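# Working through the structure, step by step
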Amino acid sequence: MHLDEIIEWIDRAFGEEQLLSQNPGLSEEIDALREVVGEDGYQRYLRDQVNRQIIRDYLTNAVVLGVITESGLATFSSPIASEEGRATLALYMLMSAVEDAADLPPVSGDVEALKPLEPAAVDRSHIKLVPP
């Protein structure tokens, strides 16, 4: 299954946005709003805003928990200065505990561009998610 298919499935499972479906009498306005919100530029802006929020929350928690110091925040200035850097850093942050903040790869090295992954051709039939 490709990442795009997973995302599409999740989006369908969410159902229709309540804000857009609550006012059926505003069909022209809703159609115009859907057209604007559906544009690639807006979606890119929205993703960047989400990445910024992830980084903001993660770093705030790391400082509050004493994992990094306020002066240690400067270490993150390079990766968070670009959209690609924010996307990469936010992904690492989502996949890491706050306690690992000082060891995040984008901080300790250069930010690499994100690349689509190809699933490995391995037999997963032996994997047990729940112990017997």
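Here the structure is shown first, and the text comes after it.
Every value quoted in this text rests on a predicted model; they were computed, and no experiment measured them. Every residue gets a number counted from 1 within its own chain, in the order that chain's sequence is written. In view of the model being predicted, local features appear only for residues whose pLDDT reaches at least 70, and side-chain atom pairs are presented and counted only at 80 or more, with totals across whole chains, interfaces and linings using the full set of residues. Heavy atoms throughout the structure, all of them, feed into the side-chain values; hydrogens and water do not.

### Re the overall build of the protein chain
In DSSP terms, a helix is any run of H or I states spanning at least four residues, a strand is any run of E spanning at least two, and both are numbered starting from the N terminus. Assigned secondary structure in the protein chain consists of six helices and zero strands. Each helix (α) and strand (β) of the protein chain, taken in turn from the N terminus, gives the series α-α-α-α-α-α. Exposed residues in this analysis have more than 50% of their type's maximum accessible area, buried residues have under 20%, and partly exposed residues fall in between, with area computed by a 1.4 Å probe over protein chains only. Buried positions account for 19% of the 132 residues belonging to the protein chain.

### A look at the nonpolar core
Nonpolar core, defined: a set of buried Ala, Val, Leu, Ile, Met, Phe, Trp, Tyr and Cys residues in which side-chain atoms within 4.5 Å join the residues together. Core analysis: the biggest nonpolar cluster contains 13 residues, and Tyr58, Leu59, Phe76 and Met93 have the highest contact counts within it. Among the elements of the structure, helix H4 (40-64) and helix H5 (83-94) are those that each provide at least two residues to this core. Among the elements that take part in this core, H4 stands out by supplying five residues, more than any other. Other than its neighbours up to four places away in sequence, Leu59 contacts Ile68, Leu73, Phe76 and Met93. In what follows, residue pairs with any heavy atoms lying within 4.5 Å of each other are defined as contacts.

### Digging into the side chain of Asn51
Along the chain, Asn51 turns up in helix H4. A residue is classified by how much of its surface remains accessible, and Asn51, at 15% relative accessible area, is buried. If sequence neighbours within four positions are ignored, Asn51 has contacts with Arg86, Ala87 and Ala90.

### What about a negative patch on the surface?
On the surface, Glu28, Glu29, Asp31, Glu35, Glu39 and Asp40 cluster together into a patch of negative charge. No other element matches the four residues that helix H3 (residues 27-37) contributes to the negative patch. Among the structural elements, Glu29 can be located in helix H3. A patch consists of residues whose relative accessible area exceeds 30% and which take part in no salt bridge; residues with like charges are grouped when within 9 Å of each other, and nonpolar side chains (Val, Leu, Ile, Met, Phe, Trp, Tyr) when within 5 Å. What sets the accessible areas is the Shrake-Rupley method with a 1.4 Å probe; for residues, cover comes only from the shown protein chains. The working definition used for a salt bridge is a side-chain nitrogen of Lys or Arg within 4 Å of a carboxyl oxygen of Asp or Glu. The convention is simple: Lys and Arg are positive, Asp and Glu are negative, and His and the chain ends are not counted. Charged groups are reduced to one reference atom each: NZ for lysine, CZ for arginine, CG for aspartic acid, CD for glutamic acid.

### Some words on the packing of H4 against H5
Close contact between H4 and H5 brings their axes to 9 Å; oriented N to C, the two are set at 50 degrees. In terms of their interaxial angle, H4 and H5 are classed as oblique. As for how H4 packs across H5, the hand of that crossing is left-handed. From H4, Arg44, Asp48, Asn51, Arg52, Ile54, Ile55, Tyr58 and Leu59 reach across to H5, where they touch Glu83, Arg86, Ala87, Leu89, Ala90, Met93 and Leu94. Working convention: axes come from line fits to C-alpha atoms, limited for helices to the stretch in contact. Angles between N-to-C directions cover 0 to 180 degrees. Any angle that falls under 35 degrees is termed roughly parallel, while one over 145 is termed roughly antiparallel, one within 65 to 115 roughly perpendicular, and all others oblique. Each crossing is labelled by how the near helix is turned from the far one, with a counterclockwise turn of less than a right angle marking it left-handed and a clockwise turn marking it right-handed.

### Examining the environment of Arg44
Relative to the helices and strands, Arg44 resides in helix H4. Judged by its relative accessible area of 46%, Arg44 is partly exposed. Placed 39 residues apart in sequence, Arg44 and Glu83 show a C-alpha to C-alpha distance of 9.5 Å. Under the rule applied, a polar contact is a pair of N or O atoms within 3.5 Å (in protein, one hydrogen donor and one hydrogen acceptor; residues adjacent in sequence only if both atoms are side-chain atoms). Within the local environment of Arg44, its side chain forms a polar contact with the side chain of Glu83, the two groups lying 2.8 Å apart.

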